[in-house]
Amino acid sequence: MELNKKIFSYGIFFIFLILAFTVVFTLVNRLDEPVFLNMYMEENIYKNPDIYSLDNFQLKYITNIGDKRRIIDVYFKEAPDLQVDVSYNPFGFTGFSFFHNNSDIELGDRYWIYSLKTIYLNIFIDDEEFEDIEINEAVFKFDDGSTLDVNLGRIIFYKDDNIQEDLEHLGSSSSSDGSSRSFYNIKKDIRLINLDSPILEKVKDKIAITIAGYDYSQIEGVLLEANRRLYVNTIFKEPGDIVEKYTYYSVHPKLYYENSEGETFNVRIYNIHHYPFKFTAREIYDYLKSRGEI
Amino acid sequence: MYEGYNKVFWGIFFITFHINLGPVTILPAFVGYLIISKGINILYEETEIDTFKKAQLLANILAARSIIIGVMELFSFNISDLLILNTLIVTVFSTVEMIMFYKLIEGSVEYFTSLNLEKAAHRNMGAARFYTIASIIGIISMNLSLVFHIGRLSVLALFILIILRIYLMVAARRNRNIFAAE
């Protein structure tokens, strides 16, 4: 029985040691406030059919497990007039499942002591003449009356009403490694000016873009002859650290050019993006640590 | 002694297998703990071994815990929403249960030794060892799986804890049968 007593005493000690570790871990690593994944994005706002709108714009946030507050309203500080509807289900989703209900979706996906939740926004712009709208700060209102100010990064809503006829888009392809290629038929002689986007500076180390074989920073003055093909190759490199990996990037830069009549036009380059899609508990923990949230 | 071990057997049965009639639980867990407490009390009265008294006290604590949790659930207060509190309660009371059964087996070893029932005493000693080691693994797995949400670990913990309850039922029945001729 002596051996049994030893096993018993050491066992209890060990149980309480692990218990102390888990309790301390949970207390030390609790979030004070939900943490939203940052976004550096340009989003095209379409007319749909008589109002400009963006459907199912996703935001993801990490909160403590057991935080049952629901976001019921969102307001953007830089654009208080935007009308925003918020939901934990994609708008227009009419599916029915025996195995999932709304409260499951609101609980989010669990990773250790955190929950990763997704909200969907329908954004309406009731202004025909709107210029690019840049969003940095959002205020989220929860169903318990509390509010949260968040710096989301840089989100630029634009409407693409630029009409040009010198470059005819023929096709594009993209690959899961982050690379894409677009090709155009050059209808008239053009001279390239530059490639520009408000968030190009933010992502310049993470992307590579070649236009007609030139790096995008060296295209000024490049002449492209009519009836030839213009190839634009882009790649979004593998994110360097966990904060980049869990940040949304989507750049739609404008390629400015001048045609033979001396008129300046531009064409948007798409498919330069990185979206976090696979999450693990360890990475979420590292992400929160790197952002200084825990 | 027969009656004591018999009550322990049925008590373990009722805390392990919940019998529900629709949404109503016919025999809630606290009834099981009270039956175990009653059984251990019989063992104490017949043997006057203090270890049984300690085990009975722990059975009463576990019964009180089950009543409190049951009342809280009745008022829709779900303790599992509070991660730290839930982890503390589950781990501490699982350990209390482990100590209770350990003391029960320890008391049985003392009693069988005093009766010179070497074989039964030896068997109970082995049971205490197996039960303690497996419980420690089960409780630690449960604690870690509650916090870190590791599916495989929760399955392991659940499997160990169910097997242990069945193991204890078998052990109680074997001890009971020693006194079958009484």
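Fair warning: this is a prediction, and the values are worked out from it, not measured in the lab.

Procedures and definitions
- Counting restarts for each chain, with residues numbered from 1 along the sequence as it is written.
- Each chain takes a letter, starting from A, and each ligand takes a number, starting from 1, following the order in which they are written.
- Local features in this predicted model are restricted to residues whose pLDDT is 70 or higher, and side-chain atom pairs enter the listing and the counts only when it is 80 or higher, whereas totals over whole chains, interfaces and linings include all residues.
- Whether two residues are in contact is decided by their C-beta atoms, placed from the backbone, lying within 7 Å.
- Ten residue types, Ala, Val, Leu, Ile, Met, Phe, Trp, Tyr, Cys and Pro, are classed as nonpolar, four, Asp, Glu, Lys and Arg, as charged, and the remainder, Gly among them, as polar.
- Pairing between strands is defined by DSSP: at least two bridges between them are needed.
- In this description a helix means any DSSP run of H or I spanning at least four residues, a strand means any run of E spanning at least two, and both kinds are numbered starting from the N terminus.
- Note on geometry: axes are lines fitted to C-alpha atoms, helical ones only across the stretch in contact, with angles between N-to-C directions running from 0 to 180 degrees.
- Put simply, angles under 35 degrees are roughly parallel, angles over 145 are roughly antiparallel, angles from 65 to 115 are roughly perpendicular, and the rest are oblique.
- A clockwise turn of the near helix away from the far one marks a right-handed crossing, whereas an anticlockwise turn of less than a right angle marks a left-handed crossing.

A. Spatial organisation of the interface of chain A and chain B. Counting residues at the interface gives 20 residues for chain A and 23 residues for chain B. Class assignment of the residues belonging to the side of chain A that touches chain B gives a composition of 14 nonpolar, 5 polar and 1 charged.

B. Structural context of the sheet that holds strand β16 (residues 223-224) of chain A. In spatial order, the strands read β16-β13-β19-β20 (chain A); together these 4 strands make up an open sheet with antiparallel pairing. The sheet is open, and its two edges are formed by β16 and β20 (264-268) of chain A, each paired on a single side.

C. Broad picture of the packing of helix α1 (residues 2-16) of chain B against helix α2 (residues 29-47) of chain B. All names here are of chain B. At a closest axis distance of 7 Å, the pairing of α1 and α2 adopts a crossing angle of 165 degrees. When the axes of α1 and α2 are compared, the pair comes out roughly antiparallel. Handedness of the crossing formed by α1 with α2: left-handed. Contacts from E3, G4, Y5, K7, V8, W10, G11, I12, F14 and I15 of α1 reach α2 at A29, V31, G32, Y33, I35, I36, K38, G39, I40, I42, L43 and E46. For the contact of α1 with α2, the per-class residue count stands at 14 nonpolar, 4 polar and 4 charged.

D. Fine view of the environment of E110 of chain B. All names here are of chain B. The residue E110 is located in helix α4 (residues 83-114) in this model. Once the C-alpha coordinates of E110 and I49 are considered, the two residues, 61 residues apart in sequence, prove to be 7.9 Å apart. When neighbours within four sequence positions are excluded, E110 is seen to be in contact with I49 and T51.

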